[in-house]
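What follows is the residue order along each chain.
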Amino acid sequence: METKFAIQVDDLTVAYNYKPVLWDIDLHVPEGVLMAIVGPNGAGKSTLIKAILGILDPIAGSVSIYGKPYEKQRKLVAYVPQKGSVDWDFPTTALDVVMMGTYGQLGWIKRPGGKEKKASLEALEKVGMLSFKNRQISQLSGGQQQRVFLARALVQNAAIYFMDEPFQGVDATTEIAIINILKELRKAGKTVVVVHHDLQTVPEYFDWVTFLNVKKIATGPVKEIFNDDNLTKTYGINYKVAVNK
Amino acid sequence: MTSPQIEIQLIAVVVAIACAIPGVFLVLRKMALISDAISHSILPGIVLGFFITHDLNSPLLILMAAVTGVITVVLVEAIQRTGLVKEDTAIGLVFPALFSIGVILIAKNANDVHLDVDAVLLGELAFAPFDRLIMGGVDVGPKSLWIMGGILISIIALLLLFYKELKVSTFDIGLSSALGISPLVMHYGLMSVSSVTVVGAFDAVGAILVVAMMIAPAATAYLLTSDLKKMLVLSVVFGVFSALAGYWMANLLDASISGSMSTMLGIVFLIVYLFAPQKGLIAVLYRQKQQRTEVSLLTFLLHLNNHTEIEERHINHLQEHINWQKVRSKTVLNLALKNNMIEIENKVVSLTEKGKDFTDLALEYIITNKDEKIEPMKDDFFLFRG
């Protein structure tokens, strides 16, 4: 029997200016897991996601989403970039940003209509931001901006969700709201991949984890591999963290 | 109005609209300087095109100049990618080099033809009606009106077709790329359109002032709206207004038309910058003053909340305790009274129910930094509007 992998990365190497930031990564992510990618700064966590999504060109290796190249599977994938990667002074509203999530399904030239608007309003409601739909995005707090980004991913109605540091700069309420939505997605059989920084919350939030530091250190179920040994290998010597059993 | 006057204004309006639309996206992409670079570095393209066609309005010349514009962008990005210099330095290296090649080409070869540096730099709208387009022996109007009209129609068509792609690739490159809307294609598309527009417009307003036509209307509109569609509309309105007002100013002062139009653009920007309701200078200063008062009010309310002792709350002691000057104390006291947050009995100040609730809410906001707690307060107080 062949196991069904949502994401399959083979021998992936990515370099900036001839310096590898990801080296020979093999990663097989089974369908329906909520996975954290952890590792120190500069470990290549965001780069890995960007390379999977074809935003960066790898110098070697291949990526497949449900057995096919990403370009053929775009509609199965939703992406939430780092909040800091966009200009929040851009003249647009929360609803409009969420609507951008529908652009991929629409394809070139076609414009979003009533159906897309309805889906976007539902997504805003799901993240508790419906009452802010007409607010200019620079007038939102950091947590609210992150919720809008999450709503934009939800409206893509994908099978796999990639999120780059969704908990950065958000308050505790938003963090809980976001993780609950991610857990719901997993329950619905979706695969969720999250670049994560807070090691303390890994066992509570996620069921799958990948340790990354330029090379892949380990990947697997949190229960089996989230231990001092792997943490030390990833972050350097004597890294101590309380692991909740 | 004479017919050349009408034609000049018509050309000016078409140029203004054609420049304002790509200008909005250049401003939002923080690439205003690139339009400056393009407007200069297309010179060698124009000169080479002119040598081949001997016609300043030939489509080939426009095409060659547009290619030079795109080459400028490619060169700037290539130099930037070396990581040795930043973008502004790269721009500063590329466009003078290309521009000077154009200047030398003109000086060496074009002395006997109608193409001089002044004409390229400043343009001359007043002469535009003299160059007619004759089709089948019939005079159908000034050539530059047809050329700019064609460019404008293409720009509007492209905008309508690719509005959503332009929007998402400008706002979020990562998402755009992941969705399959190539930011690179949109980038070079916008650069090509900008180059063509600059080339078409340089004849009328000159290579330097065309930058004003692209950037100033968009920058002005940006101060007034937080909606991309409205920004596009406002930008066009400001461009058209400045073009027409500039034309009549030139008429009145007997001055350069393109110079007057750019001056008008500057004046419009200055007025909006001063008086814009949200982002304008006066609004900002007023808001800062309000915020200072509100911070004082909050400090005062917290003080009352913290102290039950009579002497701490005596009206005359407040001044020395909180260490404020008389005027400020009075403003704050009046503001609190006006909002029914305090009551004064026998010269002793105490919080009302409303004042207590307000202070509790504010405290909770300060401690937790949770926005939803203070949503209802946002309408009344600047302080909480972020």
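Everything below is about the structure printed above this text.
Read on for an overview of the structure. All values reported here derive from a predicted model rather than from experimental measurement. Within any chain, residue numbers begin from 1 and follow the written order of that chain's sequence. Throughout, the order in which chains and ligands are written sets their labels, letters from A for the former and numbers from 1 for the latter. Given that the model is predicted, a residue must reach a pLDDT of at least 70 before its local features are reported, and side-chain atom pairs must reach 80 or more before they are shown or counted; all residues, however, enter totals for whole chains, interfaces and linings. The side-chain figures draw on all heavy atoms in the structure; neither hydrogens nor water molecules are used.

## Remarks on helix α2 (residues 32–41) of chain B
Residue and element names in this part refer to chain B.
Inference 1: Where burial is concerned, most of α2 is hidden: 7 out of the 10 residues are buried.
Inference 2: Along α2, the residues that are buried comprise Ile-34, Ser-35, Ala-37, Ile-38, Ser-39, His-40 and Ser-41.
Inference 3: For α2, the secondary structure elements touched by its buried residues are α1 (3–28), α3 (43–53), α4 (59–81), α5 (87–109) and α9 (183–222). Three labels apply to residues, based on accessible area from a 1.4 Å probe with only protein chains included: buried if under 20% of the type maximum, exposed if over 50%, partly exposed otherwise in between. Each helix corresponds to a stretch of at least 4 residues labelled H or I by DSSP, and each strand to a stretch of at least 2 residues labelled E; elements are numbered beginning at the N terminus. Between two residues, a contact is recorded if the distance between any of their heavy atoms is within 4.5 Å.

## Description of the pairing of strand β6 (residues 160–164) of chain A
All names here are of chain A.
Inference 1: The buried fraction of β6 amounts to 5 of the 5 residues, a majority that puts the element mostly inside the structure.
Inference 2: The two faces of β6 match: Ile-160, Phe-162 and Asp-164 on one face and Tyr-161 and Met-163 on the other face are all buried.
Inference 3: When DSSP finds two or more bridges between a pair of strands, those strands are recorded as paired. Pairing of strand β5 (residues 77–80) with β6, which is carried by 4 bridges, proceeds in the parallel orientation. Along β6, the bridge assignment pairs Tyr-79 with Phe-162.

## Section: a nonpolar patch on the surface
Residue and element names in this part refer to chain B.
Inference 1: On the surface, Ile-267, Phe-269, Leu-270, Ile-271, Tyr-273, Phe-275, Leu-281, Ile-282 and Leu-285 cluster together into a nonpolar patch covering about 810 Å² of accessible area.
Inference 2: Among the secondary structure elements, those contributing two or more residues to the nonpolar patch are α11 (257–275) and α12 (281–306).
Inference 3: Of the residues forming the nonpolar patch, the biggest block, 6 residues, is contributed by α11.
Inference 4: Secondary-structure assignment places Phe-275 in helix α11.
Inference 5: Given the relative accessible area of 56%, Phe-275 is considered exposed. Two joining distances apply to patches: 9 Å for like charges and 5 Å for nonpolar side chains (Val, Leu, Ile, Met, Phe, Trp, Tyr), and every residue must have over 30% relative accessible area and no salt bridge. In this description, accessible areas are obtained by the Shrake-Rupley approach with a 1.4 Å probe, and a residue is regarded as covered only by the protein chains that are shown. The rule for a salt bridge is simple: a side-chain nitrogen of Lys or Arg has to be within 4 Å of a carboxyl oxygen of Asp or Glu.

## So, the interface of chain B and chain A
Inference 1: On the chain A side, the residues contacting the 35 residues of chain B number 38 residues.
Inference 2: By definition, the buried area sums, over both parts, the 1.4 Å-probe accessible area that each loses when the two are put together. Of the roughly 3000 Å² buried where chain B meets chain A, counting both sides, 60% is carbon and sulfur surface.
Inference 3: If you sort the residues of chain B by the area they bury against chain A, Lys164(B), Phe171(B) and Leu179(B) come out on top, with a joint share of 24%.
Inference 4: A salt bridge links Asp87(A) to Lys30(B); the shortest N-O distance between them is 2.7 Å.
Inference 5: In protein, a polar contact means a hydrogen-donor-capable atom and an acceptor-capable atom, both N or O and within 3.5 Å, with residues adjacent in sequence counting only if both atoms are side-chain atoms; elsewhere, any N or O pair within 3.5 Å suffices. Between chain B and chain A we count 14 residue pairs in polar contact (both at pLDDT 80 or more) in total.

## Some points on the packing of aromatic side chains
Inference 1: Any two of the Phe, Tyr and Trp rings considered here, Trp counted by its six-membered ring, make a pair once their centres fall within 6.5 Å; the pair's planes then place it as stacked at under 30 degrees, edge-to-face at over 60, or tilted in between. A complete count under the given rule lists 9 aromatic pairs over all chains for this structure.
Inference 2: Centre to centre, the rings of Tyr247(B) and Trp248(B) are 5.2 Å apart; their planes meet at 80 degrees, and the pair counts as edge-to-face.
Inference 3: Judged by its relative accessible area of 5%, Tyr247(B) falls in the buried class.
Inference 4: Residues Phe269(B) and Tyr273(B) carry aromatic rings whose centres are separated by 6.2 Å and whose planes lie at 5 degrees to one another, so their mutual orientation is stacked. Placement of both Phe269(B) and Tyr273(B) in helix α11 is noted, with a separation of 4 residues, approximately one turn of the helix.
Inference 5: Taken together, Trp88(A), Phe90(A), Phe149(A) and Phe171(B) form an aromatic cluster joined through their ring pairs.
Inference 6: The ring of Tyr103(A) is capped by Lys164(B), whose NZ or CZ atom sits 5.7 Å from the centre of that ring.
Inference 7: Counted as over-ring charges are cases with an Arg CZ or a Lys NZ within 6 Å of the ring centre that also lie within 35 degrees of the ring normal. Over the ring of Tyr222(B) we find Lys279(B), and its NZ or CZ is 4.3 Å from the ring centre.

In short, the description is geometric, and any link to function would need to be established separately.
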